[in-house]
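# Chains, contacts and geometry: an overview
Given next are the chains, with one letter for each unit.
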Amino acid sequence: MIKNYTAKLNFTALIAFVILASLLVSCSSNEKKKIPSISKTYQDYFPIGVAVSSYLLHDSATADFVKRQFNSITPENEMKPENLQPEEGKFTWKRADRIANFAANNGMKLRGHCLVWHQQTPDWFFMDGNDTASAELVFKRMKDHIYAVVNHFKGKAYCWDVVNEAISDDSTKFLREESPWLKICGPSFIDSAFVYAHQADPSAKLFYNDYNVVRPEKAARVYRLLKELKSRGVPVDGVGIQAHWSLYEPSAEELRDVIDKFKSLGLDVQFTELDVSVFKWEKNFREIRPSDNLAYTDSLANVLADKYSELFSIFREYHESITGVTFWSVSDRTTWLNYYPVRGRQNYPMLFDTLLKPKKAFWDVVEFNKENQ
Ligand code: XIL
């Protein structure tokens, strides 16, 4: 009798153990499966994009990750003039094509970035032998470049950052005076770039793209530029607010104000290069200093999560005016902020860590429904 009872007890314990073990196993595999796709989570709001380098897509695990998480792609460098036309008339499409085909094959949108910029543009654009080229020659090269590039990606790139960063860093000035485009061609280079891009692909959405646009004084100058372009009938469709931000900016009020401002001009608003540095914004390259505090603590991770959560709650509130939000890297491993502006300083600005694992900020951005529960 006692024997029977013990046997029964053992049997019950065994069953309980099996149920518990299988529960644990299924929990941990569910844990993996349960990482939601941010772009699917936001499908009723706006596309969620990411900037990639072509080499990243060679790694199939990363490529799969990108496909699962994002529904729009921007080439981080591959479509810039120095990469597409390093020498006059010699176009090198291979790497940009790899990204464009990846986007097309996986049903993702493709943002073209960028056509006219004072950086990452080879000197030959502005030279005639040893002399500075004439305005006429530079306008012709601009037109040839824009026609060739926009034509090449026609049907693949749905939009272009046509002019990048034309506003001066000096708040007392309007346009960036040291730009060779401005120096040689004068301010009308901006109008021409949009006109050429529109001629090359009338269906592409054309953007003016810049950084620090949420700072009120810069917002005012970008607003002035876009208002003037629109009043002259220049074919500009939207403003790209780069969104290289930090834990310290923008404030909720600055962000709302800037969206309202550009919405009032009837422009599409996109956040084109989102990253949230855990360090204060700096402009110039420098080395690490002994006084730099490099630590990424749990409390910083929480502040980052709060910042992201605030930003995305405002994006959702304004989703009718926003046609895209693009992260400027997949993860903390590949972000350009690991070498700019402080060389070799690991930064932590993205939603995924250096091992592509979701951070607290990721969960706060995708689990917004819980806010109301
Ligand atoms: C950056 C890239 O992320 C870096 O890899 C590259 O070394 C420099 O350019 N504004 C822009 C982007 O419009 O093209 C820049 O991208 C970041 C600032």
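Residues numbered from 1 in each chain as written. Predicted model: local features only at pLDDT ≥ 70, side-chain atom pairs only at ≥ 80, totals over all residues. Heavy atoms only, no water.

## Thoughts on the pattern of salt bridges
Pairing between side chains of opposite charge can happen when the charged atoms of each approach one another. This structure, assessed with the given rule, holds 23 salt bridges. For Lys67, the salt bridge goes to Asp64, with nearest N and O atoms at 3.3 Å. Highlighted residues: Lys67 and Asp64, both in helix 3 (residues 60-69), separated by three residues, approximately one helical turn. Linked through salt bridges whose partners overlap, the residues forming this network are Asp169, Arg176, Glu178 and Lys283. (Salt bridge = Lys/Arg side-chain N within 4 Å of Asp/Glu carboxyl O. Helix = DSSP H or I, 4+ residues; strand = E, 2+ residues; numbered from the N terminus.)

## With respect to the site of the ligand
Every one of the 14 residues lining the ligand counts as a neighbour, but Glu76, Lys80, His113, Glu273 and Tyr339 are closest to it. A distance of 2.9 Å separates an oxygen atom of the ligand from a polar atom in the side chain of Asn164. The separation between a nitrogen atom of the ligand and a polar side-chain atom of Glu165 is 3.0 Å. Looking at the shell around the ligand residue by residue, the class counts come to four nonpolar, six polar and four charged. (Near = heavy atom within 4 Å. Polar contact = N/O pair within 3.5 Å; in protein donor to acceptor, adjacent residues only side chain to side chain. Nonpolar A, V, L, I, M, F, W, Y, C, P; charged D, E, K, R; others polar.)

## Looking at the nonpolar core
The biggest cluster of nonpolar side chains holds 108 residues, and the ones touching the most others in it are Trp160, Phe189, Phe262, Phe271, Phe315 and Phe327. At eight residues, helix 11 (residues 298-317) tops the list of elements feeding residues into this core. Those residues in contact with Phe315 that lie beyond four places of it in its chain are Phe46, Trp245, Leu255, Phe271, Leu274, Ile322 and Val325. (Core = buried A, V, L, I, M, F, W, Y, C linked by side-chain atoms within 4.5 Å. Buried < 20%, exposed > 50% of the residue type's maximum accessible area, 1.4 Å probe, protein only. Contact = heavy atoms within 4.5 Å.)

## Section: the packing of helix 10 (residues 252-263) against helix 11
In contact at an axis separation of 10 Å, helix 10 and helix 11 are set at 25 degrees when each is read in the N-to-C sense. By the criterion of interaxial angle, the relationship of helix 10 to helix 11 is roughly parallel. Note on packing geometry: the crossing formed by helix 10 with helix 11 is right-handed. Of the residues in helix 11, those in contact with Ala252, Leu255, Arg256 and Ile259 of helix 10 are Glu310, Leu311, Ile314, Phe315 and Glu317. Classifying every residue of the contact of helix 10 with helix 11 by side-chain character gives six nonpolar, no polar and three charged. (Axes fitted to C-alpha atoms, helices over the stretch in contact; angles between N-to-C directions. Parallel < 35°, antiparallel > 145°, perpendicular 65-115°, else oblique. Left-handed = near helix turned anticlockwise from the far one by under 90°.)

## Focus: the side chain of Asp191
Inspection of the secondary structure assignment puts Asp191 in helix 8 (residues 188-200). There is a polar contact of 2.7 Å between the side chain of Asp191 and the side chain of Arg232. The contact partners of Asp191, leaving out residues within four places of it in the chain, are Leu229, Arg232 and Val234.

## Quick look at unusual backbone geometry
Cis geometry is found at the peptide bond from His113 to Cys114, where omega equals -5 degrees. Looking at the secondary structure, you find Cys114 in strand 3 (residues 109-116). Residue Pro250 is reached from Glu249 by a cis peptide bond, and omega for that bond is 0 degrees. Its location among the elements puts Pro250 in the loop between strand 9 (244-246) and helix 10. Even without a glycine there, the phi angle at Gln120 is positive, about 50 degrees. Looking at the element boundaries, Gln120 is found in the loop between strand 3 and strand 4 (127-128). You will see that Glu165, though not glycine, has its phi angle at about 55 degrees, which is positive. Look at Glu165 and you get buried, because its relative accessible area is 8%.

## Regarding helix 8
The end-to-end C-alpha separation of helix 8 is 18 Å, in line with the 18 Å expected for 13 residues at 1.5 Å each. Buried within helix 8 are the following residues: Phe189, Ile190, Asp191, Ser192, Ala193, Phe194, Tyr196, Ala197 and Ala200. Looking at the buried residues of helix 8, the elements they touch are strand 3, helix 6 (135-152), strand 6 (159-164), helix 7 (180-185), strand 7 (205-210) and helix 9 (216-231). (Expected span 1.5 Å × (residues − 1).)

## Concerning the pairing of strand 3
The buried count for strand 3 comes to seven of eight residues, which makes it a mostly enclosed element. Examined bridge by bridge, strand 2 (residues 72-75) and strand 3 share two bridges and lie parallel to one another. Paired with Ile73 across the strands is Leu110, a residue of strand 3. Two strands pair when backbone bridges link them, and strand 3 and strand 6 are joined in this way by four bridges, in the parallel orientation. Looking across to strand 6, one finds that Val116 is bridged to Val163. (Pairing = 2+ DSSP bridges.)

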